[in-house]
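Per-entry structural report
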Amino acid sequence: MTIDINPDLPQNYRRPGIFTSVRFTDAGAVAPGKRCLMLGYKLPAGTASLNTPILPVNLADAIAKFGAGSMLARMYAAARTQGKYGAEIWCLPLPTPSGAAATHLIQFLAAPNSDGTVGTNTTTQTVVTCSIYVGERGGSFSIQMGSTFAQAATLGKAMLDGVSDLGVTVSISGDTLTLVDRSVGEHGTDMPVRVSFSNTTAKLAASPGSLLFASGPATGAGSATLQANALSAQATIGAGSTDAQSATAMANKINSAGYCVSAALHSPTDGSVVLYYKQDRVAHQLSVSVNGITPQTLTATVGTAGSGTPSISAALATLTADSQAYKAWAIPFKDTANWSALAAHIEAMSLSPVEKGQTAHGAISVPLAVYGVAPLSAATTPKLSSSPRYCLDLVPGATVPAYEIAGRTAAMVAAADYAGQNFNGYQLLSSDTAPLGVPDRADRLIADDIEQALETYQLTPIVVDEDGLNAVERSTTTYKSLGTQDRKLEKWSCVLQLDFMRASLRYQLGKLFGGKSIKRYSAPRTSNAVEPANVKAAVYRIILGLDDLDLFDGARGARDAIMAGVYVTPTRVDVAMPLIPLSDLDQISVAGSAE
């Protein structure tokens, strides 16, 4: 008789222990314990060492170790808000990469006229309160009537400088504030900024920057596009359009729908378009592109995108030597190289003899159409789509950086008491230390986008629920199922249950049979020896116990499928068995007949 052999445990591996493996066919699993791990950047003021996991005592300790306003301090605050006291939140500071820190602009200027032209007043026309929030951190300040725009900017800087957990530093030049991310890296491009005013009679506005058409006219018909947060404004440019005509077409397009910015033109019209923050709307990740209008060009002066990704090799080396597992990781980077290294590490660590059951959560803040051009889950090596250990939250229009969303969903998983938890509908929490707003209605995912995100790209959409809060639409892993039998693996709960089963088998079999001897040809006579049948019986008792906890589906029916024997070496008992996790209840379909 032959049975399935653990393919991850070498025949010449001699260290004693209980080892398990799982094939991803019709099952899934979760990591035991409640540790989660935040990867991110600290500031120079933070006392923590790089590339080493650290367990902060509380938020004040996290701030001391990573620096106020640092990525890691903000991720810790988000995870603590979500996990409350159920998750053990570890943090691992990464070295700051080479590159550039992202910048964002806030220029105080006259509000546009009703005819769509740039305003001409040079001071505020009445008292007004201005509110500025950067990644949901900020506040409000009063601007007196007759204040110049430079004076308004000075007041804004003073207010922002007093926000200790702000993710940017603020510099000023005349009427313009430049927000500079506290850490170098491409992550800083994703920093939502919101500027609002208490009234319109002051005729004061704020601008994130401007666009400029040049080198026209366009020789052919084409288009110009402004990517603005979750939406794209694509203007049709006619053949022969001058710079002024193209600017007019773009401004009209921006003002025609619910984009996160508005636009105005100079009078007389030239090739420039001035952009304005809209009331209570976040604006960031602004970029432009053109198609078919050469030699005419379009440039955007809207701050600068961040550049640079971290090196995680030293961190992964440390974690390889670390004996403890982290049930859920929160990942701030989005580049293929680092996700490839991360996935290779997590997959290797999940195999015998190490057997760390770990998952990783990232978040995508660009629109689905932009993400679909080069999906991350299909670009890595190994492919994220081949494993249920990864989650990519889809959060276009989020009011905080995407890494704070990833921190929340990772903590959500780590804090769960039940390994088979269905996380559909779980709400993302907000607090004073980690505020979280909801996307504007215009920026929210529509039904078709949600289905495409789930079916085509294996993403986890974060939506606004009936309570008006951010929530998990469907807790989806990056695993792309091959059919209906392995569809369980598309859900977070499957791999969490499988990891729990493996941990239970390791622990209980180790307690029962540690220090025993094997008898193959006769029955054991004392408690010092066991035969394979004893191991088989113990495995059955273990899965019965898991079944009683609703962590195994059909233990009694699986009894005859459990096989045990000495097949590989005389010092090892091999057990083949089914691991059958429960499935999430995603849908109930009722077919009714009207009579």
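Residues numbered from 1 in each chain as written. Predicted model: local features only at pLDDT ≥ 70, side-chain atom pairs only at ≥ 80, totals over all residues. Heavy atoms only, no water.

**Quick look at empty space enclosed by the protein**
- For the structure on display, the rule yields three cavities of 30 Å³ or more.
- For the largest cavity, the calculated volume is near 60 Å³.
- Contributing to the lining of the largest cavity are Thr359, Ala360, His361, Pro388, Arg389, Tyr390, Cys391, Val413, Thr477, Trp492, Val495 and Leu496.
- Counting residues per element, the ones that place at least two in the lining of the largest cavity are strand E19 (359-364), strand E20 (390-394) and helix H11 (492-513). (1 Å grid on protein atoms, 1.4 Å probe; cavity = no way out; pocket = protein on both sides within 12 Å on 5 of 7 lines; lining within 4 Å. Points joined across faces, edges and corners; volume = space filled by probe spheres on them. Helix = DSSP H or I, 4+ residues; strand = E, 2+ residues; numbered from the N terminus.)

**Things to note about the packing of aromatic side chains**
- Counted under the stated rule, the structure contains six aromatic pairs.
- Taken together, a centroid distance of 6.0 Å and an interplanar angle of 70° make the contact between Trp90 and Tyr326 edge-to-face. In this pair, Trp90 sits in strand E2 (residues 88-94) while Tyr326 sits in the loop between helix H5 (313-321) and strand E18 (328-330), placing the two residues 236 residues apart along the sequence. As far as burial versus exposure is concerned, Trp90 and Tyr326 are alike and both buried.
- Between the aromatic rings of Phe423 and Trp492, the centroid separation amounts to 5.3 Å while the plane-to-plane angle is 50°, which identifies the pairing as tilted. (Phe/Tyr/Trp six-rings, centres within 6.5 Å; stacked < 30°, edge-to-face > 60°. Buried < 20%, exposed > 50% of the residue type's maximum accessible area, 1.4 Å probe, protein only.)

**A short note on the nonpolar core**
- Met38, Ile106, Phe108, Ile132, Trp329 and Trp339 are the most contacted members of the largest nonpolar core, which totals 127 residues.
- The element that contributes the greatest number of residues to this core is helix H9 (residues 402-415), accounting for ten residues.
- If you look at the next biggest cluster of nonpolar residues, it comprises 24 residues, including Tyr479, Val539, Ala555 and Ile562. (Core = buried A, V, L, I, M, F, W, Y, C linked by side-chain atoms within 4.5 Å.)

**Re the pairing of strand E14 (residues 272-277)**
- Counting buried residues in E14 gives six out of six residues, a clear majority hidden from the surface.
- Relative to E14, strand E10 (residues 209-214) is paired through four bridges, and the arrangement is antiparallel. Opposite Gly209, over in E14, you have Leu275 as the bridge partner.
- Across five bridges, strand E13 (residues 261-265) lies against E14 in antiparallel orientation. Across the sheet, the residue bridging to Leu265 is Val273, located in E14.
- Connecting E13 to the antiparallel partner E14 that follows it, the hairpin turn spans six residues. (Pairing = 2+ DSSP bridges.)

**Here we look at the layout of surface pockets**
- For the second largest pocket, the calculated volume is near 810 Å³.
- Lining the second largest pocket we find 43 residues, and of these Glu186, Thr189, Gln285, Lys334 and Val366 sit closest to its centre.
- For the lining of the second largest pocket, the elements supplying multiple residues, two or more each, are strand E3 (103-110), helix H7 (368-371) and helix H8 (376-379).
- When residues of the lining of the second largest pocket are assigned to their parent elements, the largest contribution, three residues, is made by E3.
- For the lining of the second largest pocket, the residue count by class is 23 nonpolar, 17 polar and three charged. (Nonpolar A, V, L, I, M, F, W, Y, C, P; charged D, E, K, R; others polar.)

**Points about helix H3 (residues 149-161)**
- With 13 residues, H3 extends 18 Å from end C-alpha to end C-alpha; this agrees with the ideal 18 Å at 1.5 Å per step.
- Of all the positions in H3, only Phe149, Ala152, Ala153, Gly156, Met159 and Leu160 are classed as buried. In an axial view of H3, the angular spread of the buried residues amounts to 120°, which keeps them on one side of the axis.
- As for H3, its buried residues are in contact with E3, strand E4 (128-134), strand E5 (137-143), strand E6 (168-173), strand E7 (176-181) and strand E9 (204-207). (Expected span 1.5 Å × (residues − 1). Arc of directions from axis to C-beta. Contact = heavy atoms within 4.5 Å.)

**Observations regarding the environment of Asn424**
- With respect to the helices and strands, Asn424 occurs in the loop between H9 and helix H10 (447-455).
- Separated by 161 residues in the primary sequence, Asn424 and Leu585 have C-alpha atoms spaced 9.1 Å apart.
- If sequence neighbours within four positions are ignored, Asn424 has contacts with Val472, Glu473, Arg474, Ser475, Lys491, Leu585 and Asp586.
- Polar side-chain contacts of Asn424 include one of 3.3 Å to the side chain of Lys491.
- Polar contacts involving the side chain of Asn424 include one to the side chain of Asp586, which spans 2.7 Å. (Polar contact = N/O pair within 3.5 Å; in protein donor to acceptor, adjacent residues only side chain to side chain.)

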